[in-house]
Structure formats: C-alpha cells, structure tokens
Amino acid sequence: MNHETHIVPYAPVHLEALLRVVNAHVAALPPQDGVIDRTALETIVDRPEALWAHHTREHSIDAAKVRMVAISDDHVAGLAVAWHEIGNEQAHLPLLAFEPRARGAGQALLGRILDELRDRGCTSVATDERNPLGIGWFGIPDSWPHILETMRQAGFSVADGWVILTGRTDSIPVEPPRPANEMITCVFVNNENMGEWRLEFFHDDKLVGECETWAAPPHLASCPGFHDWITVEWVGVEEAFRRRGLAFWLLVKQMHYHLRAGRTRVALWTGPGNHPARALYYRLGFADGPETFVLTRSLAP
C-alpha cells in the first residue's frame, strides 16, 4: 500500500499530535516511565542547544535550527530536530522520532533534514548529544530499532555506545563502614538550585575520589514521572586508592543522601565492555537497561 508523505517545517499546530509520537518512544524506555508534556516538547523543539546549559554553563550558543515534521496520509507521523552552531560545520541531531509503521515517512524526514544541513554548509552530523526524551543519557537506544535501522540505511555509523543501568536509592544496602585503615574526609559540594551534588573524598588534604549526581533536566521538570530521578554523572577514584572500596562507598553515600531528600530513582551509563564498573553497579542493585548508540555521518557529496 502506498502512503502519501509530506515533509513540512515544524509549526506549533503540530504539537498535540507530536506528543503522541514522542511519548510512544518514551514508553519504550523501561523503567523510565515519565510522560513528556506540551511545555517540555516546546522547549525541546525551540531550544535544543540549551537543554543542559545550566550544567555546562554554555548559555550563549548562537545556534541555527532545523525542525521538520512528517505528515503521512494526512496525520502527523514524525519529528526531527537538528541544530548547529553558526560558523560551525558540525551539526547535531538530538531528536528523530517517527511511528514504526511509517518507515517511509521516517526515511523521507531524515533525508530532508540531511539535505537542509548540507544546504547550510554543514559537513557532518551526529547524535552526539544527550537525548532530550531521556534524563541524561546519550544517543539512540536499541529499544527504538526503527530509528536505528533507518539511520543505518541512511549511511550513519556507530561512533560510540553505552549501556544504561537503573536502580533505586531505597534498595541500596545499609551504608557500609568507612573502609578499613583509611583516613578519609568526606565533603559534599552541593548546588541545590542547579540540581548538582558532588561528594568528594580527601586523604591528607588530597582529593582521591569523587562522585557527582544531577537532577532530571529542567525541561522535564513539569513532566510526570521525571522529578524523582537523578543521574550519576561520574564516579572516580585515584589509581593509588582503588580496590579499597572507595567507589562503592562514594555511591552508597550519594544514594543515601538522595533517599533522604525523596529522590528514589537513579540512572547511569557506562561502556558495555566496562565489566569492573558494571560489577560494582550490580552490587548496588542496578539492572541493565537499553544500550544506546552515538551515530555519525558525513554530509560530503
């Protein structure tokens, strides 16, 4: 059966129909069970370059945006949002979402975005940013196989990959005792207004370990199901102090802090082959979620 497809510039009149499309993708991300609302989607489409600017402190990016909608058989079937910094040839494609049954519309939508970026002088494009439908992870998850397959058919290749792990602060083990024979000082450096919490470990006034967590991004603050999530942005211990239980202790102390504050759900991501890190997270009750892929493509003729 042939379907009539049109690719048109995004307009606010498309928002309500697009909410159905994007929330079908959010629903394919267990156990992330939030719902994107109209305010969040407006922000994603209008300011894709600034969704995490409160953390990166990059508030003044001069960005050019390309926003396209696929119309298939007179109904809204997909959305693509891309942007690039003016004067920069590297483009970003943070969002591509379309109905799985509308593969032809998805292919046409992606093709139009690539053509628009070429016309603007961009030489490459990548899904190298945090996905705006998620709480902080990067790329395209394997729970969206229709998106991955369409991008691969369009010439994209995998540049990087992650596995998302999720857990709960209310299932973390009782806080362990201080590691034996360690004179460790713990310091919390928190910025509640920015949604940033960093725990630092010092030994003889030297920083030997740290763990930073972030709140769900502001554009999702009004969305049901997102407010009680945090992300572990990094955890690290100086090499001379590894294998002493400090990474475990850092994570547990962070999780207990957030549990007392009412934040119960945690996400983090690591390389699929980082088995020592994954073993640590499994000890804390984390479970594997989707794998995600950063995809890239040249736009050269």
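Procedures and definitions
- Residues numbered from 1 in each chain as written.
- Predicted model: local features only at pLDDT ≥ 70, side-chain atom pairs only at ≥ 80, totals over all residues.
- Heavy atoms only, no water.
- Helix = DSSP H or I, 4+ residues; strand = E, 2+ residues; numbered from the N terminus.
- Rg over C-alpha atoms; globule rule 2.2 N^0.38 Å.
- Areas by Shrake-Rupley, 256 points an atom, 1.4 Å probe, with all protein chains shown as cover.
- Lys, Arg positive; Asp, Glu negative; His and termini not counted.
- Charge placed at Lys NZ, Arg CZ, Asp CG, Glu CD.
- Phe/Tyr/Trp six-rings, centres within 6.5 Å; stacked < 30°, edge-to-face > 60°.
- Lys NZ or Arg CZ within 6 Å of the ring centre and 35° of its normal.
- Axes fitted to C-alpha atoms, helices over the stretch in contact; angles between N-to-C directions.
- Parallel < 35°, antiparallel > 145°, perpendicular 65-115°, else oblique.
- Left-handed = near helix turned anticlockwise from the far one by under 90°.
- Contact = heavy atoms within 4.5 Å.
- Nonpolar A, V, L, I, M, F, W, Y, C, P; charged D, E, K, R; others polar.
- Core = buried A, V, L, I, M, F, W, Y, C linked by side-chain atoms within 4.5 Å.
- Buried < 20%, exposed > 50% of the residue type's maximum accessible area, 1.4 Å probe, protein only.
- 1 Å grid on protein atoms, 1.4 Å probe; cavity = no way out; pocket = protein on both sides within 12 Å on 5 of 7 lines; lining within 4 Å.
- Points joined across faces, edges and corners; volume = space filled by probe spheres on them.
- Pairing = 2+ DSSP bridges.
- Expected span 1.5 Å × (residues − 1).
- Salt bridge = Lys/Arg side-chain N within 4 Å of Asp/Glu carboxyl O.

Considerations on the overall build of the protein chain
Okay, step 1: Helix and strand content of the protein chain: 7 helices and 13 strands.
Okay, step 2: For 301 residues, the compact-globule estimate of 2.2 N^0.38 gives 19 Å, and the C-alpha radius of gyration of the protein chain, at 21 Å, lies within 12% of that figure.
Okay, step 3: Principal-axis analysis of the C-alpha atoms gives the protein chain an extent of 70 × 35 × 35 Å.
Okay, step 4: Of the roughly 13500 Å² of accessible surface on the protein chain, a fraction of 51% belongs to carbon and sulfur atoms.
Okay, step 5: Positive and negative side-chain charges of the protein chain, numbering 27 and 38 respectively, have mean locations separated by a distance of 4 Å.

Side note on the packing of aromatic side chains
Okay, step 1: The final tally for this structure, using the stated rule, is 5 aromatic pairs.
Okay, step 2: Just above the ring of phenylalanine 293 sits the side chain of arginine 152; from NZ or CZ to the centre is 5.8 Å.

Some points on the packing of helix α6 (residues 246-260) against helix α7 (residues 275-283)
Okay, step 1: Two elements in contact, α6 and α7, have axes whose closest approach is 11 Å; the angle formed by their N-to-C orientations is 45°. Between α6 and α7, the angle falls in the class oblique. The interaxial crossing formed by α6 with α7 has right-handed handedness. Contacts between α6 and α7 involve Ala247, Phe248 and Leu251 from the first element and Leu280, Tyr281 and Arg283 from the second.
Okay, step 2: Across the contact of α6 with α7, the residue classes break down as 5 nonpolar, no polar and 1 charged.

Some thoughts on the nonpolar core
Okay, step 1: Counting residues in each nonpolar core, the largest one holds 62 residues, and the members touching the most others are Ile36, Leu41, Leu117 and Met151.
Okay, step 2: Once residues lying within four places of it in the same chain are set aside, the contact partners of leucine 117 are Val66, Ala82, His84, Ala91, Cys122, Val125 and Leu299.
Okay, step 3: Val163, Leu250, Met255 and Leu268 belong to the second-largest nonpolar core, a separate cluster that totals 28 residues.

A short note on empty space enclosed by the protein
Okay, step 1: Per the counting criterion, the structure on display carries 1 cavity of 30 Å³ or more.
Okay, step 2: Approximately 80 Å³ is the volume found for the largest cavity.
Okay, step 3: Together, Leu29, Pro30, Pro31, Gln32, Ile135, Trp137, Ile164, Thr166, Trp229, Ala267 and Pro290 line the largest cavity.

Description of the pairing of strand β7 (residues 157-168)
Okay, step 1: Sheet topology note: the β7/strand β13 (residues 287-298) ladder contains 8 bridges and is antiparallel. Note that in β13 the partner of threonine 166 across the bridge is alanine 287.
Okay, step 2: Judged from the 6 bridges that link them, β7 and strand β12 (residues 265-270) form a sheet pairing that is antiparallel. Of the residues in β12, the one forming a bridge with leucine 165 is leucine 268.

As for helix α5 (residues 145-153)
Okay, step 1: For α5, the set of buried residues is His146, Ile147, Leu148, Thr150 and Met151.
Okay, step 2: On its buried face, α5 is in contact with α1 (15-26), β4 (90-98), α4 (103-119), β6 (140-141) and β13.

Considering the packing of α4 against α5
Okay, step 1: In contact at an axis separation of 10 Å, α4 and α5 are set at 50° when each is read in the N-to-C sense. Compared by their axis directions, α4 and α5 come out oblique. In this structure, α4 meets α5 at a crossing whose hand is right-handed. Residues Arg103, Gly106, Gln107 and Leu110 of α4 touch α5, and the partners they reach there are His146, Glu149, Thr150, Met151 and Gln153.
Okay, step 2: Partitioned by chemical class, the residues of the contact of α4 with α5 number 2 nonpolar, 5 polar and 2 charged.

Considering α4
Okay, step 1: A rise of 1.5 Å per residue sets the reference length of α4, with its 17 residues, at 24 Å; its end C-alpha atoms lie 24 Å apart and thus fit the reference within 8%.
Okay, step 2: Those residues of α4 not exposed but buried are Ala105, Gly106, Leu109, Leu110, Ile113, Leu114, Glu116 and Leu117.

Overview of unusual backbone geometry
Okay, step 1: Positioned with a positive phi, aspartate 73 is a non-glycine residue whose angle comes to about 50°.
Okay, step 2: The topology assignment puts aspartate 73 in the loop between β2 (63-72) and β3 (75-85).
Okay, step 3: For arginine 243, which is not glycine, the phi dihedral falls at a positive 65°.
Okay, step 4: Among the secondary structure elements, arginine 243 is positioned in the loop between β11 (229-237) and α6.

As for the layout of surface pockets
Okay, step 1: In this structure, the second largest pocket occupies an estimated 320 Å³ of space.
Okay, step 2: Around the second largest pocket sit 18 residues that line it, and Glu49, Trp52, Thr56, Glu129 and Arg130 are the ones nearest its centre.
Okay, step 3: Those elements that provide at least two residues to the lining of the second largest pocket are α3 (53-56) and β4.
Okay, step 4: Of the residues contributing to the lining of the second largest pocket, the split by class is 11 nonpolar, 2 polar and 5 charged.

Quick word on the pattern of salt bridges
Okay, step 1: In the structure shown here, the tally under the stated rule is 14 salt bridges.
Okay, step 2: For lysine 65, the salt bridge is made with glutamate 49, and the minimal N-O distance between the two is 3.8 Å. Taken as a pair, lysine 65 in strand β2 and glutamate 49 in the loop between α2 (38-46) and α3 lie far apart in primary sequence, 16 residues in all.
Okay, step 3: Overall, the relative accessible area of 16% leaves glutamate 49 in the buried class.
Okay, step 4: Note that arginine 198 and glutamate 212 form a salt bridge whose closest N and O atoms lie 3.7 Å from each other. Of the two residues, arginine 198 sits in strand β9 (residues 196-203) while glutamate 212 sits in strand β10 (residues 206-215), which places them 14 residues apart along the sequence.
Okay, step 5: When its relative accessible area of 24% is taken as the criterion, arginine 198 is described as partly exposed.
Okay, step 6: Classification of glutamate 212 by relative accessible area gives buried; the value is 5%.

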